[in-house]
Amino acid sequence: MKRIITYGSFDLLHYGHINLLRRAKALGDYLIVALSEDDFNTQKGKSCYFSYEKRKQLLEAIRYVDLVIPESSWEQKSSDMHEYHIDIFVMGDDWKGKFDYLKDNGVEVIYLPRTPEISTTRIKSDLNLDKA
Ligand code: C2G
């Protein structure tokens with residue numbers, strides 16, 4: 001049973017997120033998503049359109065996702081690797097290199113190519129939600 005984890009806000013869920021989750025799940029058997037809590041998003045300089053609970057509800061409906069856990073800090077990743085017995089850590093390649101230190105926890109670190117042209121920021125600006 002190969003266990004995968006990935007992290008993110010997953011706001012205004014779109015096909016770029018789904019492409020990431022599908023490829024992450026294809027790397028193993030069990031996919032955990034650590035979902036950024038609203039307070040942590042503020043630390044990331046993000047304000048999500050949907051609350052944590054709504055974003056969690058959406059992710060739990062995705063066939064590739066086996067478990068959603070809260071992401072409340074940058075620092076939790078190392079302990080998450082041990083607590084959830086992770087084999088592979090996956091992120092989009094906009095984060096390339098940023099989490100290589102997790103290899104010290106005995107996990108494989110994989111950065112997958114982002115889906116071009118789509119982003120939550122783009123959706124908000126196209127819908128003029130960035131003024132919301
Ligand atoms: N993503 C992607 N293609 C896109 C948009 C997003 O592959 N067009 C990927 C990102 O690279 C990330 C995941 O989808 O791996 C979630 O994206 P965000 O919700 O934007 O995640 P982010 O705010 O970068 O949070 O501790 C890590 C942070 O929580 C990551």
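Please refer to the structure placed before this passage.
Residues numbered from 1 in each chain as written. Predicted model: local features only at pLDDT ≥ 70, side-chain atom pairs only at ≥ 80, totals over all residues. Heavy atoms only, no water.

Buried within helix H4 (residues 76-83) are the following residues: Gln76, Lys77, Asp80 and Met81. Looking straight down H4, one finds that the buried residues subtend no more than 140 degrees of arc, so they occupy a single side. Check the buried side of H4 and you find it contacts strand S1 (3-8), strand S3 (67-71) and strand S4 (88-92). Phi turns positive, to about 50 degrees, at His85, one or two residues after H4. (Buried < 20%, exposed > 50% of the residue type's maximum accessible area, 1.4 Å probe, protein only. Helix = DSSP H or I, 4+ residues; strand = E, 2+ residues; numbered from the N terminus. Arc of directions from axis to C-beta. Contact = heavy atoms within 4.5 Å.)

Taken together, 21 residues surround the ligand, and among them Lys46, Glu71, Lys77, Asp94 and Ile118 come closest. Surface burial for the ligand is 96%, taken as the share of its 630 Å² of free accessible area covered by protein chains. Using a 2 Å cut-off from the grid points, one finds that the ligand occupies the largest pocket. For the shell around the ligand, the elements supplying multiple residues, two or more each, are S1, helix H1 (15-25) and S4. Looking at the shell around the ligand, the element that brings in the most residues is H1, giving three residues. When its residues are assigned to classes, the shell around the ligand shows seven nonpolar, eight polar and six charged. (Near = heavy atom within 4 Å. Areas by Shrake-Rupley, 256 points an atom, 1.4 Å probe, with all protein chains shown as cover. 1 Å grid on protein atoms, 1.4 Å probe; cavity = no way out; pocket = protein on both sides within 12 Å on 5 of 7 lines; lining within 4 Å. Sits in = over half its atoms within 2 Å of the grid points. Nonpolar A, V, L, I, M, F, W, Y, C, P; charged D, E, K, R; others polar.)

Empty space within the largest pocket amounts to approximately 830 Å³. Ser9, His17, Lys46, Arg114 and Thr120 are, among the 37 residues lining the largest pocket, the residues nearest its centre. Mapped by element, the contributors of at least two residues to the lining of the largest pocket are S1, H1, S4 and helix H5 (120-126). Residue classes in the lining of the largest pocket are distributed as 13 nonpolar, 14 polar and ten charged. (Points joined across faces, edges and corners; volume = space filled by probe spheres on them.)

A negative phi angle characterises most non-glycine residues, just as the trans form characterises most peptide bonds. Although it is not a glycine, Leu12 adopts a positive phi angle of roughly 50 degrees. Along the chain, the position of Leu12 falls in the loop between S1 and H1.

What follows deals with the side chain of Thr120. Within the fold, Thr120 resides in helix H5. Among the polar contacts listed, one links the side chain of Thr120 to the backbone oxygen of Asp11, at a separation of 2.8 Å. Sequence-distant contacts of Thr120, that is, excluding residues within four places in its chain, are made with Asp11, Leu12, His14 and His17. (Polar contact = N/O pair within 3.5 Å; in protein donor to acceptor, adjacent residues only side chain to side chain.)

On to the environment of Ile123, then. Turning to its location among the elements, Ile123 is positioned in helix H5. For the pair Ile123 and Leu12, spaced 111 residues apart in the sequence, the C-alpha separation amounts to 8.0 Å. With residues up to four places along the chain from it excluded, the contact list for Ile123 reads Leu12, His14 and Ile118.

Tracing the backbone through its elements, the reader meets Ser36 in strand S2 (residues 30-36). Of note is the side chain of Ser36, whose polar atom sits 2.7 Å from the side chain of Lys44.

Moving on to the sheet that holds S3. What links the strands of a sheet is backbone hydrogen bonding, and the strands pair in either a parallel or an antiparallel sense. Taking strand neighbours across the sheet as the criterion, the five strands line up as S3-S2-S1-S4-S5 in an open arrangement whose pairing is parallel. The sheet is open, and its two edges are formed by S3 and strand S5 (108-112), each paired on a single side. Between one strand axis and the next, the sheet turns through 25 degrees on average, direction left out of account. Here H1 sits on the sheet in contact with S1, S2, S4 and S5, set at roughly 145 degrees to S2. (Pairing = 2+ DSSP bridges. Axes fitted to C-alpha atoms, helices over the stretch in contact; angles between N-to-C directions.)

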